[in-house]
Each structure stands twice: as structure tokens, then as C-alpha cells.
Amino acid sequence: MTGIKDVAKKANVSIATVSRVLSKPDTVAEETMKKVLSVVEELNYQPNAAARQLRMAETNTILVVVPDIANTFFSKVLRGIECEARENGYEVLLGDAGNHIQSENSYLHILRQKKAAGMILLTAGIDVKLVEEIASEFPVVLACEYINGLHVPTVSIDNVSSARTATEHLISLGHTKIGCISGPMNSVLGRDRMQGFYQAMAQYNLQVDPIFVQEGDFSYESGFQMMTKLLAYNDIPTAVFVGNDEMAFGSINAIEAKGLCVPNDISVIGFDNIKFSSIFKPGLTTIAQPAFEIGVRATELLVNLMKKESVEKKQHILKSRLILRNSCRAYQV
């Protein structure tokens, strides 16, 4: 079997030169590269990919860290990542942090051990300094969420503007007593979507009753619990903006468990437009994120970084859409 020594001898170059031609051709003079490749073809030399990967600590794996794989929104994002990664010859290694920051941090060791060529973070829970440190050594892209002041390529929607659009839709239907079930305030998504809600209410000079605002954790269970809490008050909202679809489903079921009807008694609008939103009864009015495109764009950026190409634009904001279904209706006295 022809080895790298045979190629080096025949081409009259060093073994290191042959290795560079095969791994980093841009570092070798064009004349030398042509000579070596000619010998490689002549001798039908087939590099041992496994051995080469071990020697050079190279890998064709992309690490993707998800805050909670149980949240079905991430399935479309992951599909976009997988599709674009496969197009570029990469495999995807999935890390589910289960909403535990310590677990998110632990996945960074995979990069340090050179078991992945780059990383896409679908969570902003990791310590900023730690992300900056890792990003200075390895290709890193943040998707869906962002971290203020972090100079890492980011792909997301404008969550503040999108939440404002959702709340404005309820206002356009004549609702003035509007509640909000937000995501957790230690999450940038929870804070941004809450901010959009308050901006819309202020823009139309509508008062926000503090008891109408409850903090959930993006789970179905918290949506059910927070809506149950809202319904326990003597005065209840006629419409509620909910920070994601999972909580919106819980909210609707809590309303119906109290013998009320959506949208006749209370209108509910969600956020994300996961697949179940169109199947759920009533169909959920919601904000659609371009989840698949987020995954594709994030992977494109990561591949550019892994190829040592410059990424001039750091923040990529994609467009969201308001999807109208049957969970909202005009307010009637």
C-alpha cells in the first residue's frame, strides 16, 4: 500500500509538505501543490482519514447545545442545522442542557478536547466571559438568543418588536384589559418579550395591572398554573399575551378547566408557531419564527468561521410573522 513517505520521496519534498498539501493547500506554493497532487494521483495514494484526524485533532462534527430538547420549537431549528451541516460535510452532535446552566457549561469541554470543530449555542444561559473565552479559540455562533456585548455572530428575530406586534393585535381587536404570561426573567427571551408587551401597552396609553402579569418558565405546566392564578382574581383580563406556544396551550386548558371559553371569554395569543399550534383546538394565533432558516443561517456562519473566512456582520435579525387562527376574537361588551 502506498504511504505518505512514498509520495514525499517521489515528489522530492518532505512528508510535512505532503501533509500540508492535503490538509491546508493554501499554505503551499502552487507549483509545489501541483507536483505533489500529480504524484498522489499517479501513485493512487489514499490518506488514512481516521489516522489523519487523530494526528491533526481535526473533526467534521458540529456541536449544538440546546437549552431543553423537550421544547418542540427547537426541532425545526435543529432540522435547519442538520440540513446545512450535511450539505457541507459535517455531522451534528447534540447536547441537551435540560435548562441547567452547569450542563451548558460542561459541553464546552467537548470543544476543548477537539471533539467538535465548532459550536452553535441555542441558549444564552452560559456565562458571558466563558463564551468569549471559548469563541476566541474556536468557531462559535449563537442562535435564537443573544448576549448583550458579546462579539459572536448571532442569528435571531427581534423578540421585542415581535411581542409588540402580538400585543398590538389584541389591542386592535378592542381589548384593553390585557394580561401577560412571560417567560423567566433570567432569560433574554423572557425579558425581551415582556418588554414588547409593555411597549405596546404604553404606545396605546393602556394601563398594565400588575396582577395581570405573571412569570412562567416556558413550560406547558407553568402556563396552566399562571393562568389559573390570573383566573383566581375577581377582575380578570379579556385577553392574554403568552410568551411561547407551550405556555399558551397550558393557559387555554386552564381557562377551559374553569368553565370559560377561548376566544369567547378570553383571547389568547402565543409565540413561536410550533407545529401543534395549528392542530390545537382552538387553533392558536401566534408569532411565527423562521426556525428552519435560523438553523440554516447559523450553520452557514459557523462553516464560514471554521473555514477561517471573515464574518463582517455579527448580528443577523430574521423576520417573524403574525399567524392568525381562532384563539383571538374582537372584544365584545
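Residues numbered from 1 in each chain as written. Predicted model: local features only at pLDDT ≥ 70, side-chain atom pairs only at ≥ 80, totals over all residues. Heavy atoms only, no water.

Brief notes about the packing of helix α2 (residues 15-23) against helix α3 (residues 30-43)
- The contact between α2 and α3 brings their axes to 10 Å, and the two run at 90°. Between α2 and α3, the crossing angle belongs to the class labelled roughly perpendicular. For the pair α2 and α3, the contacting residues are T17, V18, V21 and L22 in the first and T32, M33, V36, L37 and V40 in the second.
- Here the residues of the contact of α2 with α3 are counted per class, giving seven nonpolar, two polar and no charged. (Axes fitted to C-alpha atoms, helices over the stretch in contact; angles between N-to-C directions. Helix = DSSP H or I, 4+ residues; strand = E, 2+ residues; numbered from the N terminus. Parallel < 35°, antiparallel > 145°, perpendicular 65-115°, else oblique. Contact = heavy atoms within 4.5 Å. Nonpolar A, V, L, I, M, F, W, Y, C, P; charged D, E, K, R; others polar.)

Digging into the pairing of strand β8 (residues 239-242)
- Of the two faces of β8, the one holding A239 and F241 and the one holding V240 and V242 are both buried throughout.
- In terms of strand pairing, strand β6 (residues 178-182) meets β8 through four bridges, oriented parallel. Bridge pairing links I178 to A239 in β8.
- Both β8 and strand β9 (residues 267-269) contribute to a ladder of three bridges, which runs parallel. (Buried < 20%, exposed > 50% of the residue type's maximum accessible area, 1.4 Å probe, protein only. Pairing = 2+ DSSP bridges.)

Considerations on the environment of A298
- Within the fold, A298 resides in helix α13 (residues 291-306).
- A298 gets classed as buried once you look at its relative accessible area, which sits at 0%.
- For the pair formed by A298 and M119, sequence separation is 179 residues and the distance between their alpha carbons is 9.9 Å.

Things to note about the nonpolar core
- Core analysis: the biggest nonpolar cluster contains 49 residues, and I120, L122 and V268 have the highest contact counts within it.
- Those elements that place two or more of their residues in this core are β1 (61-66), α5 (73-87), β4 (140-143), α10 (188-203), α11 (220-231), β8, α12 (245-257) and α13.
- Examining the composition of this core, we find that seven residues originate from one element, α13, more than from any other.
- Setting aside residues no more than four positions away along its own chain, L122 makes contact with V64, V65, V66, P67, F74, V77, L78, I81, A143, C144 and E145.
- Counting 21 residues, the second largest nonpolar core, distinct from the first, contains F197, V213, I287 and C328. (Core = buried A, V, L, I, M, F, W, Y, C linked by side-chain atoms within 4.5 Å.)

Quick word on the sheet that holds strand β3 (residues 118-121)
- Ordered in space as β2-β1-β3-β4-β5-β11, the six strands form an open sheet in which the pairing is parallel. The open sheet has two edge strands, β2 (91-96) and β11 (315-318), and neither has a second partner. If you compare each strand with its neighbour and ignore which way they point, the axes differ by 20° on average.
- Bridge count between β3 and β4: three bridges; the pairing is parallel. Its bridge partner lying in β4, M119 is registered against V140.

In short, geometric facts, not functional conclusions.
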